[in-house]
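Chains, contacts and geometry: an overview
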Amino acid sequence: MAGSVNKEAVRFLRKVADFSDDKACWAWTGASKGNGYGHAAYKGRNMGAHRKAFLLFNGEIPDGHDVCHRCDNRWCVNPAHLFLGTRSANMADAMAKNRTAGGHRKHLKEAKVQEIVRRLKRGESNAEIARILDVNHETVSKIKLGASYVG
């Protein structure tokens, strides 16, 4: 983008909570698919916001490849956290990191977890978030520490 402004990238970044730190997760605040992934349109196609971020900032996605998260946060659209992988490699990674449906059952819907994360990033207290969203204070604390509902 040297010297020119990519208007599509600017529009995209308006829906990111904070993109000032290229090492931190960039929280997508736009539309959601309801499963933790952001939702966006690009060149007339609906897709995950992380896929759009990859296309805008990293380049094309070869057929048969997923856009994977190094950080394991579905809502993250930081292009530095995204990489390409085959579907089977992505699923193997998810299994290795216990991010599949098996194991401990999680009771919060992904949209509520995203809202908790957004409120934490805005500086709201754990107690206030727990009260407003009617969730356990300890759950909010674990989400803040990255010990629960990761990815």
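Check the entry above for the structure.
**Overview of the pairing of strand β3 (residues 65-69)**
The buried fraction of β3 amounts to four of the five residues, a majority that puts the element mostly inside the structure. Here β3 runs beside strand β4 (residues 82-86); their pairing, made up of five bridges, is antiparallel. Each residue of the ladder has a partner; that of H65, found in β4, is T86.

**Quick look at the pattern of salt bridges**
Overall, the coordinates contain eight salt bridges when judged by the stated rule. Note that E115 is salt-bridged to R122, the shortest N-O span being 3.9 Å. Classification of R122 as exposed rests on a relative accessible area of 55%. A salt bridge links K142 to E138; its shortest N-O distance comes to 3.3 Å. Here the residue K142 and the residue E138 both occupy positions in helix α6 (residues 137-145), the gap between them amounting to four residues, near one helical turn. On the accessibility criterion, E138 (48% relative accessible area) is partly exposed.

**Digging into α6**
Taken residue by residue, α6 has V140, S141 and I143 as its buried positions. For α6, the angular spread of buried residues about the axis comes to 160 degrees, placing them on one side. Residues of α6 that are buried in the fold lie against α4 (110-121) and α5 (126-133). Of the residues flanking the start of α6, the one acting as N-cap is N136, its side-chain oxygen 2.6 Å from the backbone nitrogen of E138. Positive phi appears at G146, one or two residues downstream of α6, with a value of about 80 degrees.

The rules behind each value
Residues numbered from 1 in each chain as written. Predicted model: local features only at pLDDT ≥ 70, side-chain atom pairs only at ≥ 80, totals over all residues. Heavy atoms only, no water. Buried < 20%, exposed > 50% of the residue type's maximum accessible area, 1.4 Å probe, protein only. Helix = DSSP H or I, 4+ residues; strand = E, 2+ residues; numbered from the N terminus. Pairing = 2+ DSSP bridges. Salt bridge = Lys/Arg side-chain N within 4 Å of Asp/Glu carboxyl O. Arc of directions from axis to C-beta. Contact = heavy atoms within 4.5 Å. Polar contact = N/O pair within 3.5 Å; in protein donor to acceptor, adjacent residues only side chain to side chain.

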